[in-house]
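Report on the structure
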Amino acid sequence: MKEVIEPLNRDTLRYALRINGTVRAYFSAFLREQGYLEIPPVIYSTATDPLNHPVFDTSFEYYGEKYSITKSMIFHKQIAVQYLNKIFAFSPNVRLETSDRASTGRHLSEFTQIDIECLKASRDDMISLAEDMIVGVIAEVKEKNKTELNSLKRTLNVPKKPFVRIRYEDAFREYGKQFEDLLSAKMTAPFWIIDIPIKEREFYDREDPNNEGFLLDMDLIYPEGFGEASSGGEREFEIEKILKRVKLKGQSTDQFKWFIEAASGGLLPSAGFGIGIERLVRYLCGFPRIDMVTPFPKIPGKLSI
Ligand code: ASN
């Protein structure tokens, strides 16, 4: 815990931040053009993403209510989209990861994702939108950040739609538990992992009505070993199913009280996803580690300022 972050390389950081600027401007303009409305981020709330892996607790009490710092805006997105139709947010997330995640090169305990949700959309719609965003942003950075990419000696290829889709079970069968890392290292273009088994994900991902035990969700993985880019999918929206899934996870409904109350009033279906901004910038820059993209990185287990 005494080990402090390494001195920053100011040149590479400056390039990364310029690329970060291009990414944010491009996504904002692109989504607005598609009719998406930007909503402000939620920093703390009474219900946040339970996540499917353990992180340290960030909850606190305020006037007798328990709050938690946002791990993702998933529930807020699902509620706001009911009346705003198509939304996005640059959403800061705090996930106090365990120190073993420091060595992955792609985990920060504080990061921002661009979080998107669309009413009555299907997984296919969201896959198509995410592909447009990835294809578009790579082309934009190639065009706008030639100097930075040259200085970083980074060659980027603009991928073509549609990206390859691999079913979770097939990937697991062929490559075993480490399939994501192995496939990411082997592939030369971004690809999808779809149809993730129910026990691997949170209760809000919708179970496929035609494929029991599997979810209508999707993970986007970068090539060249850069790993996960995005996760998302269709949402569970019927209250009976939400309650069943919370129970299946062994979680208490109390933890998600306001969301469950809102869902009890009836929700329309929606789908969405989030793209981690720092991971994307790291990929675009071709950096070995994610902490190289931000001046104040929160590396799991290390002292941060
Ligand atoms: N943003 C993700 C989604 O839309 C959720 C997450 O970050 N855990 O599904």
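Right above here is the structure, for reference.
Now for a description of the structure that goes with this document. (Residues numbered from 1 in each chain as written. Predicted model: local features only at pLDDT ≥ 70, side-chain atom pairs only at ≥ 80, totals over all residues. Heavy atoms only, no water.)

Points about the environment of R279
The condition that has to hold: Helix and strand definitions here come from DSSP, where helices need a minimum of 4 consecutive H or I residues and strands a minimum of 2 consecutive E residues; each element is numbered from the N-terminal end. When a residue's accessible area, from a 1.4 Å probe over protein chains only, is under 20% of the maximum for its type it is buried; when over 50% it is exposed; and in between it is partly exposed.
You can see R279 is positioned in helix α9 (residues 277–285). Taking relative accessible area as the criterion, R279 reaches 18% and is therefore assigned buried. In this structure, the C-alpha to C-alpha distance between R279 and R106, residues 173 residues apart in sequence, is 6.4 Å.

Re the site of the ligand
Operational definition: Nearness of a residue to a molecule or strand requires only that one of the residue's heavy atoms be within 4 Å of it. In protein, a polar contact means a hydrogen-donor-capable atom and an acceptor-capable atom, both N or O and within 3.5 Å, with residues adjacent in sequence counting only if both atoms are side-chain atoms; elsewhere, any N or O pair within 3.5 Å suffices. What sets the accessible areas is the Shrake-Rupley method with a 1.4 Å probe; for residues, cover comes only from the shown protein chains. Three residue categories are used. Nonpolar comprises Ala, Val, Leu, Ile, Met, Phe, Trp, Tyr, Cys and Pro, charged comprises Asp, Glu, Lys and Arg, and polar comprises the others, including Gly.
Taken together, 13 residues are adjacent to the ligand, and D49, K77, Q113, D115 and R235 come closest. Contacts to the ligand include Q113, whose side-chain N or O atom sits 2.9 Å from an oxygen atom. Between the ligand and R235, the relevant distance is 2.8 Å, taken from an oxygen atom to a side-chain nitrogen or oxygen of the residue. With the chains in place, 93% of the 270 Å² that the ligand exposes on its own is no longer accessible. Every element with two or more residues in the shell around the ligand is listed here: α2 (74–84), β6 (110–119), β10 (227–234) and β11 (270–276). Looking at the shell around the ligand, its residues break down into 3 nonpolar, 5 polar and 5 charged.

Some points on the packing of aromatic side chains
To be explicit about the condition: Between rings of Phe, Tyr and Trp, where Trp is taken as its six-membered ring, a pair exists when centres lie within 6.5 Å; planes separated by under 30 degrees are stacked, by over 60 edge-to-face, and by other angles tilted. Remark: a charge is flagged as sitting over a ring if the NZ atom of Lys or the CZ atom of Arg is within 6 Å of the ring centre and within 35 degrees of the ring normal.
Tallying each qualifying case throughout the model produces 21 aromatic pairs. Centre to centre, the rings of Y26 and F27 are 6.2 Å apart; their planes meet at 55 degrees, and the pair counts as tilted. Classification of F27 by relative accessible area gives buried; the value is 0%. Ring geometry for Y168 and F179: centres 5.0 Å apart, planes at 80 degrees, overall edge-to-face. Highlighted residues: Y168 in helix α5 (residues 168–175) and F179 in helix α6 (residues 179–186), separated in sequence by 11 residues. Residue classification places Y168 among the buried positions, given a relative accessible area of 11%. Grouping aromatic residues by their ring pairs yields a cluster made of F75, F203, Y204, F256, W258 and F259. Positioned over the ring face of Y283 is R154, at 5.3 Å from the centre of the ring. The aromatic ring of F214 is capped on one face by R167, whose charged end is 5.6 Å from the ring centroid.

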